[in-house]
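These are the residues of each chain, in order.
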Amino acid sequence: MTTVTPAKSAALSHIRICDFTGQLAGAGATRWLAALGAQVIRIEDPVRQGKWDILRGNEPFQDDRRGIELGGGFQNHNVEKLGITLNLRTDRGKELLRQLVEISDVVSENFAAGVLERWGFDYPALRAIKDDIIYVSNCGFGHTGPYRSFRTWGPIVQAACGLTFSSGLPGLPPAGWGYSYMDHHGGNIMAIAILCALVHHQRTGEGQWVDMSCTEAGAALLGPVVLDYTVNGRPLRRTGMPNSNRSQFPPMAPHGIYACTGDDDWVAVSCRDDHDWVRFAEVMAQPWCGDARYATLAGRLAHEDELDLAIDAATRSWNKFDLAARLQAVGVPASAVQKPAERIDADTNTSAWGLWPTVEHREMGEVRVDGEPAHFSETDWVIARGAPCLGEHNEQVFGELLGMTTAQIDDLRTDGII
Amino acid sequence: MERSESAGPGGPLSGLRVVELASSRACFAGKLLAIYGAEVIVVEPPGGHETRHWAPFAGDVEDPERSLWWWHYNTNKLGVTIDLDDRAGADALRSLIATADIVVESEMPGVLAAKALDYPDLRSLNPAMIWVSVTPFGRSGPRASELSTDLTVLAGGGPVWSCGYDDHSIPPVRGGGNQGYQTGSIFATMSALTAVLHRGATGIGQFIDVSLHAAVNVTTEAATYDYLVAQRTVQRQTGRHASVRMTTSSFAEAADGRTVHSGVPPRSAAEYQRLVDWLDDEGVREEYGEAFFLEMGVARGGVQLNEIATDPEAQAIFNAGREAIRFMAERSTAYEFFMGAQHHGIAATVVYSPEEVLSDPHFVARGFPVEVEHEDLGASYTYLGLPFICNGSASQLRRAPRIGEHNGLLG
């Protein structure tokens, strides 16, 4: 049996995005739309060689070669998009942008607030070009309010919204997030914003402007803990907190990450209730397991520090995968803390999912990238084409979409417009 | 455009009906659809869903109508109770699903099939419906039946490996807030809306299989692509990106004892100039004492990363820049530092605890904190607002439903 992968997903094949997004917080949004079949036309600056996206040409690199086409992060975040260049310092560049907006459903960007406005393309201007255009902006603090001009990037957003503080162990500074969690979800929530506006347009024919502040999108991921403050007056900034390897929503114990044999090897265990505790204790088979203080959740919570120390001493003689499998076999949620090689190359579930598709990039060749975590029965995602090289699709977009001749496109190149 | 007025009833998703089977894993997907205007009917068993029994409770009074988890994740939803194990209940669910545009559920694989209430059983009732399943490892796959919690999902899927402290004898850390579940819910929402647009164009419904394990695997940034592209393994560090090389600390302690994020140490001429200006504006150039190096940084047009290791002058400039920011942090409160840095164009910030966001003047000015009326308790409480603003309309939040509050919908 052979299966033929379609060239594109059909889900959003009727949608065209005029896309100024970059980095991950923006590019992640249109990555999803492109994988689901939208035509995403990514606009880059020919003068600065696309470097308004700092990931373009940045590490990791596949081999010893360096250059703006060879950055691993940029390549990962821009698969399945078309790439064009446009010099918006020029009148002809602006005129071409107007033509692109006219034939697009959405204009998306994650510049600092005010950049598009300075170029003459704020929402009223975009609307004058196409009345039902959807304009989605995403920046650190949004386009209104006293901090609208503040500078941010992922870790700044995370620190300002409460996410960094929420990750850590007692008596230590915040551990925070060891990556730009809010670049991923800034992008994903921006995708939701674009999709919401498209659904509204489908029903009513109306466009709109969506103003997204990445900091608010991040804060919105901390709901219950904020209610514990506004309703109960219990702030997360209090002695002994945060303690995020434990579970406060709902209380569970034991619930933590414990050392195993091997170099920096750890296992995560959650006992959801007394039932899980009894089974966990049977597997551990330690003298303290029968301690009456641990028989109830209230008792385990009251003596959680002592219990965690005892567990950590016992798990040190276990291999992390063996212990997780043993606990799963008796019905207790557990998992090894997986290293990148383990979850990417040795996890049967990620390979069965097809989670690491290989794309073909014009300069890099074959590269594996992130897949998508949802499979669609009728219009599944397709990730096969690598990120666009600078101006790779100028002929296709200016020629096929805007109807220009090869000679006219050559002139644009000669004149520094593209 | 301020969030001063409502855009009218509904929001962008008004007109869509969603049937959600109550769960801990997918409740955030239902919430995202509900707060943007979809009619979301959350189906609980008689007596209420398990998460209503999760502490903490309002006023610490244990009561299924007072769980803060339930309150937060079920705003703007309608609530019905149905016993799926009884014939009449199963019929009631079938009738409801026959009217749905979207079904969101998070039952373990096989659970709904055993009741003849899974997508293949119900598809003929409503061929154009979009059914989104959210499970720990997907509906099929070798690990599909494994048990999980938010902690084990994040441990197995990559995020935990990248978070923690410089000292690797301290366990790696799960970030707070049940982000594994929320990551799955975010992708479930993206999927549902994508399928709605496809259906609008073609009339075709479909089944969507969302895996939490896959979702957290593809949201770990360089931990994944550094391995995929260069076969390198990142290592966790205190409060900053896990990296193949150790980087310098990005935290400083302000005069009020609070942690601030000092950003990336400056390297460009413009950044050195802004730092000099900041020192001058505060009148502390002399006190800092190393402004000379910052001016050298301006004069030589900034320093390059590769020069810092080899050129003593570049190294002195780089260190002076980093130390100037630390100096400013140590002599101000965290908030003063945040304002001072940002007003001089330097990307740095206070590290807020989640509740502190609500009283920050910026978020207040944008209408992000929202009062939600709990008329049943004779009180109103402040909730977090919406993650994005559609057409400048105000956040409209309605309290979560009480048990069976909208059973009238079942006819």
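Located above this text is the structure these notes cover.
Note that the structure is a prediction, hence the values are computed from the model and not measured. (Residues numbered from 1 in each chain as written. Chains lettered and ligands numbered in written order. Predicted model: local features only at pLDDT ≥ 70, side-chain atom pairs only at ≥ 80, totals over all residues.)

Q: How would you summarise the overall build of chain A if you had to cite specific residues and measurements?
A: When you go through chain A residue by residue, the secondary structure sums to 17 helices and 14 strands. Oriented by its inertia axes, the alpha-carbon framework of chain A measures out at about 85 × 55 × 45 Å. Across the 418 residues that make up chain A, the buried fraction comes to 57%. Of the contacts formed within chain A by residues at least 6 apart in sequence, a portion of 68% connects residues at least 24 apart. (Helix = DSSP H or I, 4+ residues; strand = E, 2+ residues; numbered from the N terminus. Buried ≥ 20, exposed ≤ 12 C-beta atoms within 10 Å, placed from the backbone. Contact = placed C-beta atoms within 7 Å.)

Q: Would you mind going over the sheet that holds strand 14 (residues 388–390) of chain B in detail, with residue names and values included?
A: In space, the seven strands of this open sheet follow the order 3(A)-2(A)-1(A)-4(A)-5(A)-6(A)-14(B), with mixed pairing throughout. Strands with a single pairing partner mark the edges of an open sheet, and in this sheet they are strand 3 (82–85) of chain A together with strand 14 of chain B. Direction aside, neighbouring strands of the sheet carry axes that sit 20 degrees apart on average. Two strands pair when backbone bridges link them, and strand 2 (residues 39–44) of chain A and strand 3 of chain A are joined in this way by four bridges, in the parallel orientation. Residue pairing across strands places E44 of chain A opposite T85 of chain A, the latter belonging to strand 3 of chain A. On top of the sheet, helix 16 (residues 394–401) of chain A reaches strand 2 and strand 3 of chain A; it is set at about 85 degrees to strand 3 of chain A, its chief contact. (Pairing = 2+ DSSP bridges. Axes fitted to C-alpha atoms, helices over the stretch in contact; angles between N-to-C directions.)

Q: Can you tell me about the interface of chain B and chain A, naming the residues and giving the values?
A: Facing the 130 residues of chain B at the interface are 135 residues of chain A. Among the elements that make up the side of chain B that touches chain A, the one with the highest residue count is helix 8 (residues 179–202) of chain B (15 residues). Its residues assigned to classes, the side of chain B that touches chain A comprises 68 nonpolar, 49 polar and 13 charged. Bridge count between strand 14 (residues 374–376) of chain A and strand 6 (residues 206–211) of chain B: three bridges; the pairing is antiparallel. Bridged to H375 of chain A within strand 6 of chain B is D209 of chain B. (Nonpolar A, V, L, I, M, F, W, Y, C, P; charged D, E, K, R; others polar.)

Q: How would you explain helix 8 of chain B if you had to name every residue and give the values?
A: Residues and elements named next belong to chain B. The end-to-end C-alpha distance of helix 8, which contains 24 residues, comes to 34 Å, matching closely the 34 Å that a straight helix rising 1.5 Å per residue would cover. Counting buried residues along helix 8, 21 of its 24 residues qualify, which places the element largely inside the surrounding structure. Backbone geometry just after helix 8 places G203 at a positive phi near 80 degrees. (Expected span 1.5 Å × (residues − 1).)

Q: Help me get a handle on unusual backbone geometry, residues and values and all.
A: When glycine is set aside, most residues are seen to have a negative phi, and most peptide bonds are trans. The amide bond that connects M241 of chain A to the next residue, P242 of chain A, takes the cis arrangement and shows omega of -5 degrees. Position of P242 of chain A among the secondary structure elements: in the loop between helix 9 (223–232) and strand 7 (247–248). Between A55 of chain B and the following residue, P56 of chain B, the backbone shows a cis peptide bond with an omega angle of -5 degrees. Tracing the chain through its elements places P56 of chain B in the loop between strand 2 (39–44) and helix 2 (68–73). One non-glycine residue with positive phi stands out, namely A285 of chain A, at about 50 degrees.

Q: If you had to explain helix 9 of chain A to someone new, which residues and values would you point to?
A: Where burial is concerned, most of helix 9 of chain A is hidden: eight out of the 10 residues are buried. Restricting attention to buried positions, one finds in helix 9 of chain A the residues G223, P224, V225, V226, L227, D228, Y229 and V231 of chain A. Summarising the contacts, the buried residues of helix 9 of chain A are in contact with helix 2, helix 17 (354–357) and strand 13 (379–383) of chain B. G233 of chain A sits one or two positions beyond helix 9 of chain A and adopts a positive phi of about 70 degrees.

Q: Describe the packing of helix 13 (residues 291–299) of chain B against helix 15 (residues 312–330) of chain B, listing the residues and the values that go with them.
A: Residues and elements named next belong to chain B. One can describe the packing of helix 13 onto helix 15 by two numbers: an axis separation of 8 Å at closest approach and a directional angle of 120 degrees. Between helix 13 and helix 15, the interaxial angle falls into the category oblique. Once helix 13 is placed against helix 15, the crossing between them reads as left-handed. Of the residues in helix 15, those in contact with F293, L294, M296 and G297 of helix 13 are E313, A316, I317, A320, G321 and A324. Considering only residue class, the contact of helix 13 with helix 15 consists of seven nonpolar, two polar and one charged. (Parallel < 35°, antiparallel > 145°, perpendicular 65-115°, else oblique. Left-handed = near helix turned anticlockwise from the far one by under 90°.)

Q: Go over the environment of F321 of chain A, please, and point to the residues and values.
A: Residues and elements named next belong to chain A. Locating F321 in the fold gives a position in helix 13 (residues 320–329). With 17 C-beta atoms counted inside 10 Å, the residue F321 sits in the partly exposed group. Separated by 54 residues in sequence, F321 and V267 have C-alpha atoms that sit 7.8 Å apart.

Q: How would you explain the sheet that holds strand 10 (residues 259–261) of chain B if you had to name every residue and give the values?
A: Residue and element names in this part refer to chain B. Taken in spatial order, the three strands make up an open sheet running 9-10-11, and their pairing is antiparallel. Each edge of the sheet is formed by a strand with only one pairing partner; in this case those strands are strand 9 (251–253) and strand 11 (349–350). Of the pairings in the sheet, the one linking strand 9 to strand 10 comprises three bridges and is antiparallel in character. Its bridge partner lying in strand 10, E253 is registered against T259.

Q: Describe in detail the pairing of strand 8 (residues 240–243) of chain B, supporting the description with residues and values.
A: All names here are of chain B. Both strand 7 (residues 235–237) and strand 8 contribute to a ladder of two bridges, which runs antiparallel. Note on strand 8: the bridge partner recorded for Q235 is S243. In sequence, strand 7 turns back onto strand 8 through a hairpin of two residues, with G239 there showing a positive phi of about 65 degrees.

Q: An account of the packing of helix 7 (residues 181–204) of chain A against helix 8 of chain B is requested, with residue identities and associated values reported.
A: To characterise two packed helices, one gives the angle between the axes of the helices and the distance between these axes. Where helix 7 of chain A meets helix 8 of chain B, the axes come as close as 9 Å, and the angle between the chain directions of the two elements is 25 degrees. Viewed along their axes, helix 7 of chain A and helix 8 of chain B adopt a mutual orientation that is roughly parallel. For the pair helix 7 of chain A and helix 8 of chain B, the crossing hand works out as left-handed. Residue-level inspection shows H185, N188, I189, A191, I192, L195, C196, L198, V199 and Q202 of chain A of helix 7 of chain A in contact with helix 8 of chain B, the latter providing I186, T189, M190, L193, T194, V196, L197 and G200 of chain B. Looking at side-chain class alone, the contact of helix 7 of chain A with helix 8 of chain B contains 12 nonpolar, six polar and no charged residues.

Q: Explain the nonpolar core to me, using residue names and the numbers behind them.
A: Judged by nonpolar contacts, the single largest core of 246 residues is most densely connected at L33, A193, I194 and V267 of chain A together with V132 of chain B. Residue contributions to this core peak at 13 residues, all from helix 7 of chain A. Filtering out sequence-adjacent residues up to four positions away, I194 of chain A remains in contact with A29, L33, V106, S108, I134 and V136 of chain A. (Core = buried A, V, L, I, M, F, W, Y, C linked by C-beta atoms within 7 Å.)

Q: Before we move on, could you go through the pairing of strand 13 of chain B and cite the residues and values that matter?
A: For a regular strand, the rule is simple: side chains alternate between the two faces of the sheet. Residue and element names in this part refer to chain B. Summarising the sheet, strand 12 (residues 370–374) and strand 13 pair through five bridges and their orientation is antiparallel. The partner of E371 across the bridge, within strand 13, is T382. What sits between the antiparallel neighbours strand 12 and strand 13 is a turn of four residues, in which G378 has the positive phi angle 65 degrees.

By themselves, these figures tell us nothing about what the structure is for.
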